[in-house]
Amino acid sequence: MGLWNTTGTAGQRPVGWAAQPAAVAPWQGPSDVEQKLYEARVRGDWDAYFHVLAETRLFLAVPRANADAETRTVPFTPYWNPQTGTPCLAVFTEGMLPPPAEDPVFCGYSLGWYARVWEPGDPPYLVVNPGSPCEAAIPANAAGREIWQWHAERVSTSGCGCPNRHGRLRALHAGGPLHGPLAHGLALTALLFVDNGELWNAMAYHGGGYFHEKDRLKEWWGITDREGWRRAQEGLLDADMVSGSWEFALGVRRAMAMDFPGLVDVEHWRRTAERVLRRRAEQAGEVRITLEGVTQGEALSEEEVEEYVAEIHQLIGRIARYEARFRADGLLAEGAYVRTAAAWDHGRAAGMARWGLAARYCTLHEAEEAVLRAGIAAKAAYGSWEEFSAGYVLARCLHFDEEKFGKWYEDALAAHRILTTDPASPWLNIPWGR
C-alpha cells in the first residue's frame, strides 16, 4: 500500500511540498540520511521521504535542566515558522545536529514515538531540518500522525524501538574528518561503529541522544559522572583494561616468535608460559629493595600457582583456536598471529571519548585530544589496520564469546570484512603509518 492510498488526500502533504526544478544545483547531504531526504524532495516523493524518516532518529533540543531532572522531562518547545504561519516543533536528523554544547542537549526518538506522544495542544507541524535543502514541514494532526505511525511500523527497529542500521558503513561527508590524524583515531572505533550502524567519523558526536548515551555509559561501564568517565578514558588509553592474563600469554609467545620462525607450537608455548609463571611465583616471596626500602614479597600458595598455570594453559588453547578460525575466515593471514590485545582498549578509547562528549562528561576539545592519543597508542602497538583488527576481535571474543563463535564473533567478522573491502572504508583510505 502506498502513502497516497493511505491518506486519500493531498491536504496532508508537507507545507510547500513540490518537486524541485531540474535546474537546481545538486546538494550533498552531510550523511546518507539527509541525502536521501533531499533526493526524495527533489523527486516530490513524499512516500520515500517518510520512509527515510521512519528509519532514523529525529532529535529535538531539550533544556539541560529538564533532561537532568529526576523525571527526565522532554518538553516540546515550538518556534514560529513564517512558512506555515504557525508554531512548529523543529527536529533534526543526525547529520544536521550542531556540535554538543552545555545547553541545550539533544534527545533522539523514532518517528513512531512522536506519533504516539503528540497531544492535541502540541504544535500543528513537525519541521524536519529547518533551513536546509531537505526541510519539510509535515502536518501533525491526527491524519498526519497516522501516516507517521504507518511508516514507523514498516521499518526494522532495535529492541528500544529505534531504527536498526546494524552492519552498515556510514560516514559524514561534511562535518566529520575523512583524512588525517583525527580521522585515523576515529577509525579505530570503526569495527564497533559499523556493527552499530553509526557514523564512524562523527567527532561532534551525539550518538543516540543525550539520554541514550548517559544510559549506555551507566549500563556498560558504571559511569555516571565526569570523574568516572575520566578514569575509564585514561585506563583505556593506557590499555589497562585489557586482561593481564591475555597480555601475559601473548607476550610470552611474542618473545618466543623472535627466536622461532613461523607459528609457535601450542604445547611449546604452554610449557614456556608455565616456566615463566612458576619463576614469577617463586620471585613473589623474595626480599626486594625498592624506593620505599627493603620489603618482603608475599609468596603464592601452591594451590594458587597451580590454578594460575591451569588458567594460562586453557587461555593459550582458546587463543590458538580463535586464531585458527580467524585464518580460515580471512581475518588473519596465514602464518600471522596476534601480538597484543591492546587494540580493544585503543578502539574503545576512541569510542569513550565520543560517548563522554555526548553525555556531557567532557568537552569537544577533550574528546579530540583523547581520540588523537588513542591513534598514537595504536600505531605504536600495531603495523596495519589488519593487525589492529585481529587484536581487537580476539579481545572482544575472549571477553564475550566463550568460543561459541556466535553473534559477538560473527558481527565483528562482518564489520572487518566491510572495512577491508568497501571502497569507502576509512581503513582503505587512511594510511596506517607510524
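Up top you'll find the structure we're talking about.
In this text, all values refer to a predicted model and were calculated from it rather than measured experimentally.

### Points about the overall build of the protein
Assigned secondary structure in the protein consists of 18 helices and eight strands. A buried classification covers 50% of the 434 residues belonging to the protein. A separation of at least 24 residues holds for 74% of the contacts in the protein among residues at least 6 apart in sequence. Put simply, the protein shows about 19,900 Å² of open surface, and 53% of that area lies on carbon and sulfur atoms.

### Some points on helix α12 (residues 266-284)
The end-to-end C-alpha distance of α12 is 27 Å, a good match for the 27 Å that 19 residues give at a rise of 1.5 Å each. Turning to α12, its buried residues are Trp269, Arg270, Thr272, Ala273, Leu277, Ala281 and Ala284. Near the N-terminus of α12, the side chain that reaches the backbone nitrogen of Glu267, with its oxygen 3.1 Å away, is that of Asp265.

### Some remarks on the layout of surface pockets
A volume near 220 Å³ is recorded for the second largest pocket. Its residues placed into classes, the lining of the second largest pocket shows six nonpolar, four polar and two charged.

### What about empty space enclosed by the protein?
Summed over the entire model, instances satisfying the criterion amount to one cavity of 30 Å³ or more. Considered as a void within the structure, the largest cavity measures approximately 60 Å³ in volume. Contributing to the lining of the largest cavity are Asp32, Val33, Lys36, Val52, Glu55, Thr56, Arg165 and Arg168. Examining the composition of the lining of the largest cavity, we find that three residues originate from one element, helix α2 (residues 32-43), more than from any other. When the residues that make up the lining of the largest cavity are grouped by side-chain class, the tally is two nonpolar, one polar and five charged.

### Some thoughts on the sheet that holds strand β6 (residues 136-139)
Pairing within the open sheet is mixed, and its four strands lie in the order β2-β3-β5-β6. Each of the sheet's edge strands pairs with one partner strand only, and the pair in question is β2 (79-81) and β6. Pairs of neighbouring strands in the sheet enclose a mean axial angle of 45°, with direction left out of account.

### As for the pattern of salt bridges
For the structure on display, the rule yields 27 salt bridges. In this structure, the salt-bridge partner of Glu274 is Arg278, at a minimum N-O distance of 3.0 Å. Here Glu274 and its partner Arg278 are both found in helix α12, four residues apart, which amounts to about one turn of the helix. Classification of Glu274 by relative accessible area gives partly exposed; the value is 21%. Relative accessible area serves as the criterion here: at 28%, Arg278 is assigned to the partly exposed category.

### Quick notes on unusual backbone geometry
Note the cis peptide between Asp103 and Pro104, where omega equals 0°. By the secondary structure assignment, Pro104 is in the loop between β3 (86-91) and β4 (105-109). Backbone geometry places Glu402, a non-glycine residue, at a positive phi of 55°. Relative to the helices and strands, Glu402 is located in the loop between α16 (385-400) and α17 (407-421). With a phi angle near 60°, Glu403 is a residue other than glycine that sits in the positive phi range. Locating Glu403 in the fold gives a position in the loop between α16 and α17. Using a relative accessible area of 26% as the deciding quantity, one classes Glu403 as partly exposed.

### Regarding the packing of aromatic side chains
Summed over the entire model, instances satisfying the criterion amount to 27 aromatic pairs. Ring centres 6.4 Å apart and planes at 45° place the aromatic pair Trp221 and Trp355 in the tilted group. One end of the pair, Trp221, is in helix α9 (residues 210-221); the other, Trp355, is in helix α14 (residues 343-358), and 134 residues separate them in sequence. For Trp355, a relative accessible area of 4% gives the class buried. The interplanar angle of 40° and the centroid separation of 6.1 Å between the aromatic rings of Trp246 and Trp344 together place this pair among those described as tilted. Of this pair, Trp246 sits in helix α11 (residues 244-257) while Trp344 sits in helix α14; the two residues are 98 residues apart in sequence, bridging distant segments of the chain. Across the pair, exposure class does not vary: Trp246 and Trp344 are buried alike. Three or more aromatic residues joined by ring pairs form one cluster here, namely Phe76, Tyr109, Trp113, Tyr114, Trp118 and Trp148.

So, how was this worked out
Residue numbering note: each chain is counted from 1, following its sequence as written. Reporting of local features is limited, given that this is a predicted model, to residues whose pLDDT is at least 70; pairs of side-chain atoms are given and counted only at 80 or more, and all residues count toward the totals for whole chains, interfaces and linings. Side-chain metrics rest on all non-hydrogen atoms present in the structure, leaving aside hydrogens and water. Think of it this way: any DSSP run of H or I at least four residues long counts as a helix, any run of E at least two long counts as a strand, and we number them from the N terminus. The buried label applies to any residue whose accessible area, calculated with a 1.4 Å probe on protein chains only, is under 20% of its type's maximum; exposed applies above 50%, and partly exposed to all values in between. Residue contacts follow a heavy-atom distance rule, with two residues in contact if any of their heavy atoms lie within 4.5 Å. In these tables, accessible area is a Shrake-Rupley quantity obtained with a 1.4 Å probe, and a residue counts as shielded only by the protein chains included in the view. Expected helix span is taken as 1.5 Å per residue step, with the number of steps being one fewer than the number of residues. Contacts described as polar in this section are N or O atom pairs within 3.5 Å, which, within protein, must combine one atom able to donate a hydrogen with one able to accept it, while residues neighboring in sequence count only if both atoms come from side chains. Here a cavity denotes a set of grid points, spaced 1 Å apart and computed over the protein atoms alone, in which a 1.4 Å probe fits but from which it cannot get out, and a pocket denotes an open set meeting protein on both sides within 12 Å along at least five of seven lines; residues with an atom within 4 Å of a point are reported as lining. Grid points are joined across faces, edges and corners, and a volume is the space filled by probe spheres set on the points. Ten residue types, Ala, Val, Leu, Ile, Met, Phe, Trp, Tyr, Cys and Pro, are classed as nonpolar, four, Asp, Glu, Lys and Arg, as charged, and the remainder, Gly among them, as polar. Note on pairing: two strands pair once DSSP finds at least 2 bridges between them. Each axis is a line fitted through C-alpha atoms, and for a helix only the stretch in contact is used; angles between axes span 0 to 180 degrees, taken between their N-to-C directions. Salt bridges, as used here, are contacts in which a Lys or Arg side-chain nitrogen is within 4 Å of a carboxyl oxygen on Asp or Glu. Centres within 6.5 Å make a pair out of two Phe, Tyr or Trp rings, where for Trp the six-membered ring is used; the pair is then stacked when the planes are under 30 degrees apart, edge-to-face when over 60, and tilted otherwise.

Such coordinate-based values are descriptive only and should not be taken to indicate function.
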